[in-house]
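# Overview (structure and organization)
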Amino acid sequence: MSGYLEGKSIAITGAGRGIGRAVALLAAAEGAKVVVADYGVSMAGEDPSSEVADEVVAEIRAAGGEAVAVADTVTTMEGGERIVQTAIDSFGRIDGVVCVAGNLRERMFFNMSEDEWDAVVETHLKGTFTVFRAAAPHFKAQASGRFVAFTSGAFTGSIAQANYASAKGAIVSLVKSVAAGMHRYNVTANAIAPVARTRMSENVPMELEMGTPEDVAPMVVYLLSDKAQEVTGQIYTANGGTIAVWDQPKEVREMRKDGRWTPEEIEARFAEVGVEPLPLIAQIEERRKAAASGDKPNA
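Summary of the structure given here. (Residues numbered from 1 in each chain as written. Predicted model: local features only at pLDDT ≥ 70, side-chain atom pairs only at ≥ 80, totals over all residues. Heavy atoms only, no water.)

### Let's talk about the overall build of the protein
We count it as follows: Put simply, DSSP H or I for four residues or longer makes a helix, DSSP E for two residues or longer makes a strand, and each gets a number counted from the N terminus. Here's how the labels work: a residue is buried when its accessible area is under 20% of the maximum for its type, exposed when over 50%, partly exposed in between, all with a 1.4 Å probe on protein chains only. Any two residues whose heavy atoms approach within 4.5 Å at even a single point are treated as in contact. Areas reported as accessible are Shrake-Rupley estimates using a 1.4 Å probe. Residue values count occlusion only from the protein chains shown.
Along its length, the protein carries 8 helices and 8 strands. Taking all 299 residues of the protein together, the buried fraction comes to 45%. The long-range fraction of contacts in the protein, counting pairs at least 24 apart against all pairs at least 6 apart in sequence, stands at 68%. About 15,300 Å² of surface is accessible on the protein, with carbon and sulfur atoms providing 52% of the total.

### Some details on the packing of helix 1 (residues 18-29) against helix 6 (residues 213-224)
What counts here: Angular values range over 0 to 180 degrees, each being the angle between N-to-C directions of two axes fitted as lines to C-alpha atoms, with helices fitted over their stretch in contact. Roughly parallel covers angles under 35 degrees, roughly antiparallel covers those over 145, roughly perpendicular covers 65 to 115, and oblique covers all other angles. Throughout, a crossing is termed right-handed when the near helix is turned clockwise from the far one, and left-handed when it is turned anticlockwise from it by less than a right angle. Residue classes follow a fixed rule: Ala, Val, Leu, Ile, Met, Phe, Trp, Tyr, Cys and Pro count as nonpolar, while Asp, Glu, Lys and Arg count as charged, and any other residue, Gly among them, counts as polar.
The N-to-C vectors of helix 1 and helix 6 enclose an angle of 55 degrees; their axes lie 8 Å apart at closest approach. Between helix 1 and helix 6, the interaxial angle falls into the category oblique. For the crossing formed where helix 1 meets helix 6, the hand is right-handed. Together, Gly 18, Ile 19, Arg 21, Ala 22, Val 23, Leu 26 and Ala 27 of helix 1 and Pro 213, Glu 214, Val 216, Ala 217, Pro 218, Val 220 and Val 221 of helix 6 make up the contact between the two elements. Partitioned by chemical class, the residues of the contact of helix 1 with helix 6 number 11 nonpolar, 1 polar and 2 charged.

### What to know about the packing of aromatic side chains
Cut-off, in case you're wondering: Two rings from Phe, Tyr or Trp (for Trp, the six-membered ring) form a pair when their centres are within 6.5 Å of each other. A pair whose planes differ by under 30 degrees is stacked, one over 60 is edge-to-face, and the rest are tilted.
Under the definition given, this model contains 3 aromatic pairs. With 4.5 Å between their ring centres and 45 degrees between their planes, Phe 132 and Phe 147 make a pair best called tilted. A residue pair is termed long-range when its members are at least 10 positions apart, and Phe 132 in helix 4 (residues 114-142) and Phe 147 in strand 5 (residues 145-150) qualify at 15 residues. Take Phe 132: its relative accessible area is 3%, and that puts it in the buried class. Accessibility expressed as a relative area gives 1% for Phe 147, which makes it buried. Plain terms: the ring middles of Phe 155 and Trp 246 are 5.0 Å apart, the flat faces sit at 55 degrees to each other, and that makes the pair tilted. Placement of the pair is Phe 155 in the loop between strand 5 and helix 5 (162-182) and Trp 246 in the loop between strand 8 (242-245) and helix 7 (263-269), with a sequence separation of 91 residues. You can call Phe 155 partly exposed: its relative accessible area is 23%. What makes Trp 246 partly exposed here is its relative accessible area of 28%. Among the aromatic side chains, those forming a connected cluster through ring pairs are Phe 132, Phe 139 and Phe 147.

### Focus on helix 6
Helical geometry: 3.6 residues make up each α-helical turn, so side chains three or four residues apart lie on a common side. Our working rule: Given a helix with a known number of residues, its expected span is that number minus one, times 1.5 Å.
Look at helix 6: 17 Å from first C-alpha to last across 12 residues, which is about the 16 Å you get at 1.5 Å a residue. Regarding helix 6, the residues found buried are Pro 213, Val 216, Ala 217, Met 219, Val 220, Val 221, Leu 223 and Leu 224.

### What about a nonpolar patch on the surface?
We apply this condition: For patches, a residue must show more than 30% relative accessible area and have no salt bridge; joins then use 9 Å for like charges and 5 Å for nonpolar side chains, namely Val, Leu, Ile, Met, Phe, Trp and Tyr. In the sections that follow, a salt bridge refers to a side-chain nitrogen of Lys or Arg positioned within 4 Å of a carboxyl oxygen of Asp or Glu.
Together, Met 108, Phe 109, Phe 110 and Ile 159 make up an exposed nonpolar region whose accessible area comes to about 420 Å². Mapping Ile 159 onto the fold places it in the loop between strand 5 and helix 5.

So, in structure tokens, the structure goes:
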């Protein structure tokens with residue numbers, strides 16, 4: 001390896017499995033000292049354990065790297081602070097945080113319970129905030145730092161995962177807010193929308209072109225590096241050999257008049273602004289047709 005992150009201290013949540021593990025292993029191979037943070041629970045949030053984090057630490061150390069394990073929840077401020085403080089106590093500083101920890105409670109919106117909503121929003125969105133918030137004062141004081149969050153293409157909407165899509169959409173807004181607020185301190189914030197085969201993707205009811213967790217890790221390492229100093233407020237997709245950037249939301253059409261509109265006036269001129277097609281609705285129709293013919297629909 002090239003030592004791309006030589007001397008950096010990086011904390012990674014959800015690092016016991018899947019994408020988090022791949023990021024931890026590559027970051028360590030590129031010279032970073034790594035906090036492997038993973039609560040080690042099942043997809044249903046049960047049976048917490050530090051074993052998965054310990055196993056990744058053992059892999060890193062066996063390869064000659066430096067790492068420590070933390071089995072703590074990201075859903076509390078105290079948990080986020082302990083993850084960041086472990087990096088400082090173990091390695092003397094914190095240079096980057098990567099928030100991969102996540103879960104799923106898949107359910108149609110009209111059947112979703114409060115617990116199913118809270119569990120997903122708490123882990124994905126709050127779990128990103130708690131770690132970001134804990135690292136922010138350190139990044140500000142040292143005038144350097146890297147925030148990397150994980151969103152999903154589902155932030156544009158999901159048929160059976162309104163909780164997950166909402167959390168991932170909020171993470172995009174959080175990243176953009178952090179990027180703007182921390183820019184003056186030489187700190188960057190970016191998000192990855194990965195497409196990779198993991199525990200959370202294996203039950204997706206459609207055919208997806210998917211890479212592996214190891215395909216996602218290089219983009220994260222790049223964003224953590226000094227080479228990405230001018231990259232902030234961005235969303236990138238990493239899928240196999242493809243890396244793509246998402247556009248920034250903007251107004252596309254407008255209509256104007258002097259004074260306040262009436263509903264009738266809006267109706268008469270509505271075609272001037274019209275609608276932007278929602279791809280998800282087209283996908284629903286495609287899936288219905290595929291299901292009727294017995295085929296598995298494409299994404």
